[in-house]
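Descriptive analysis of the structure
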Amino acid sequence: MSNYVINHLKELESEAIFVIREIAAQFENPVLLFSGGKDSILLTHLAKKAFFPAKIPFPLIHIDTGHNFPETIAFRDELVEKLGVKLIVGSVQEAIDKGRAKEETGADASRNSLQIVSLLDTLEEYKVDAAMGGARRDEEKARAKERFFSHRDEFGQWDPKNQRPELWNLFNGRKNYGEHFRVFPISNWTEMDVWEYIKLENIDLPSLYYTHQRDCVVRDGVILANSEFIKLKENEAVVNMTIRYRTCGDMPITGAVESEADTLDKIIEEIATTRTTERGGRADDKRAETAMEDRKKQGYF
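Residues numbered from 1 in each chain as written. Predicted model: local features only at pLDDT ≥ 70, side-chain atom pairs only at ≥ 80, totals over all residues. Heavy atoms only, no water.

Across the sheet, four strands lie side by side as 8-7-9-10; this open sheet has antiparallel pairing. Of all the strands in the sheet, just strand 8 (222-225) and strand 10 (257-258) have a single pairing partner and so form its edges. Where strand 9 (residues 239-244) lies against strand 10, two bridges are found, and the strand directions are antiparallel. Looking across to strand 10, one finds that Arg244 is bridged to Val257. (Pairing = 2+ DSSP bridges. Helix = DSSP H or I, 4+ residues; strand = E, 2+ residues; numbered from the N terminus.)

In structure tokens, the structure reads:
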């Protein structure tokens, strides 16, 4: 890795740590939204560095849809125990059981949008005033509209046309009672930056991100893991494939890529030559041209 790349990554690291410390300074009840994906794992690593040798001074929140990859949950629990931090779990199944959310039906059913209710309920229950996440502007066009400090109204909703200016790294965290902020410390990172930093810092990841054999279903050009949450359509077949994941979400909506990349070096080389975005295989983003923005307006990550 060249000195130029290392210096670039250190600048991004310094910026992110500055934002994380600003969150701790400006808010009373901040949390870190943890999905178990590479970006939230990286963000947790940065939070650890920001306050070392003390422990991370805020809890992690994971919204459990019940459709998670088992590898993700196992990794989450091991990391929380290793760091000695508090984990808060919001349950989508609990929201369904209470009638707060309605289960989708059909072959393409997903619990992705149902996370909104569980997330907002959890933030309200714990009186969270700042929820930081690992979203990046290069992921998706709706996320490119976000500021570092992204204001949410008393209903947890986001107005992309009414955002606060952020000049000279001055962040305005003022809010009214009942409102909160979503904060994105790694907004300026790219997917390549994330992987090169993971290599530089030797950050552990779930095995999902490396090549492995898995029974899959190819649906509308998207490779989905076969599981109890997938309802096969007519003429669909289960095929064993050599795959890995570039992004990590629910099993029924997260698309894999065929890959032989079993090391960080091979993953970085693969990303450097691909012309498909990491969310290009997310079935939930394909529902509509504005699918992500519509979910974010309602309170999504």
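As a further point, take the packing of aromatic side chains. Considering all chains together, one arrives at nine aromatic pairs under this definition. On the basis of an interplanar angle of 15 degrees and a centroid distance of 5.0 Å, the ring pair of Phe149 and Phe171 is categorised as stacked. Residue Phe149 is found in strand 5 (residues 149-152), and its partner Phe171 is found in the loop between strand 5 and strand 6 (180-183); the two are separated by 22 residues along the sequence. For the pair shown, Phe149 and Phe171 are each scored as buried. Through successive ring pairs, a cluster of aromatic residues spans Phe18, Phe27, Phe149, Phe171 and Phe181. (Phe/Tyr/Trp six-rings, centres within 6.5 Å; stacked < 30°, edge-to-face > 60°. Buried < 20%, exposed > 50% of the residue type's maximum accessible area, 1.4 Å probe, protein only.)

Next up on the list: the pairing of strand 1 (residues 30-33). Every second residue of strand 1 is oriented toward a common face, with Pro30 and Leu32 on one face and Val31 and Leu33 on the other, all of them buried. Sheet topology places strand 1 next to strand 4 (residues 130-132); three bridges connect them, and they run parallel. Across the sheet, the residue bridging to Leu32 is Met132, located in strand 4. Note that strand 1 and strand 2 (residues 60-64) share two bridges and pair parallel. In the strand pairing of strand 2, Leu32 is matched with Leu60. Once you follow strand 1 into helix 2 (residues 38-51) and on to strand 2, the crossover reads as right-handed. (Right-handed = clockwise from strand over helix to strand, strands pointing away.)

This paragraph deals with the packing of helix 1 (residues 3-26) against helix 6 (residues 191-201). Relative orientation of the contacting elements helix 1 and helix 6 amounts to 100 degrees, with a least axis distance of 10 Å. Classed by the angle they form, the pair helix 1 and helix 6 counts as roughly perpendicular. Contact with helix 1, carried on its side by Val5, Ile6, His8, Leu9, Lys10, Leu12 and Glu13, involves Asp193, Glu196, Tyr197, Leu200 and Glu201 of helix 6 and no other residues of that element. Partitioned by chemical class, the residues of the contact of helix 1 with helix 6 number six nonpolar, one polar and five charged. (Axes fitted to C-alpha atoms, helices over the stretch in contact; angles between N-to-C directions. Parallel < 35°, antiparallel > 145°, perpendicular 65-115°, else oblique. Contact = heavy atoms within 4.5 Å. Nonpolar A, V, L, I, M, F, W, Y, C, P; charged D, E, K, R; others polar.)

Compared with the 34 Å implied by 1.5 Å per residue over 24 residues, the 34 Å span of helix 1 between its first and last C-alpha is a close match. Buried within helix 1 we find Val5, Leu9, Leu12, Glu13, Ala16, Ile17, Val19, Ile20 and Ile23. Tucked into the core, helix 1 has its buried residues touching strand 1, helix 2, strand 4, strand 5, strand 6 and helix 6. (Expected span 1.5 Å × (residues − 1).)

Moving on to the domain arrangement of the protein chain. Per the domain assignment, the segments of the protein chain are domain 1 (8-193 + 290-298) and domain 2 (205-283). With centres defined by C-alpha atoms, the gap from domain 1 to domain 2 works out at 24 Å. Facing the 29 residues of domain 1 at the interface are 27 residues of domain 2. Of the roughly 2300 Å² buried between domain 1 and domain 2, counting both surfaces, carbon and sulfur atoms make up 57%. Of all residues in domain 1, the largest losses of buried area upon contact with domain 2 belong to His67, Phe69 and Glu191, amounting jointly to 29% of the total for that side. (Domains from an automatic or database assignment. Buried area = accessible area lost by both parts, 1.4 Å probe.)

Residue position: Asn202 is located in the loop between helix 6 and strand 7 (212-219). Owing to a relative accessible area of 61%, Asn202 belongs among the exposed residues under this scheme. For the pair formed by Asn202 and Leu264, sequence separation is 62 residues and the distance between their alpha carbons is 9.5 Å.

Time to look at the pattern of salt bridges. Inspection of every chain in the model, using the stated rule, returns 16 salt bridges. Here Lys49 and Glu201 are joined by a salt bridge, their closest N and O atoms 3.1 Å apart. Of this pair, Lys49 sits in helix 2 while Glu201 sits in helix 6, and the two are 152 residues apart along the sequence. With a closest N to O distance of 2.9 Å, Arg76 and Asp77 form a salt bridge. Judged by relative accessible area, which is 9%, Arg76 ranks as buried. For Asp77, a relative accessible area of 36% puts it in the partly exposed group. Connected through shared salt-bridge partners, Lys10, Glu13, Lys49 and Glu201 make up one network. (Salt bridge = Lys/Arg side-chain N within 4 Å of Asp/Glu carboxyl O.)

A word on the nonpolar core. Within the largest apolar cluster, 59 residues are counted, with the highest numbers of intra-cluster contacts made by Ile20, Leu46, Phe149, Trp189 and Trp195. The greatest single-element share of this core, amounting to eight residues, is contributed by helix 1. Excluding its chain neighbours within four sequence positions, the residues that come into contact with Ile20 are Leu43, Leu46, Ala47, Ala50, Phe51, Phe58, Met132 and Pro185. Among the nonpolar cores identified, the runner-up in size contains 14 residues, and Ile61, Ile96, Ala101 and Val128 belong to it. (Core = buried A, V, L, I, M, F, W, Y, C linked by side-chain atoms within 4.5 Å.)

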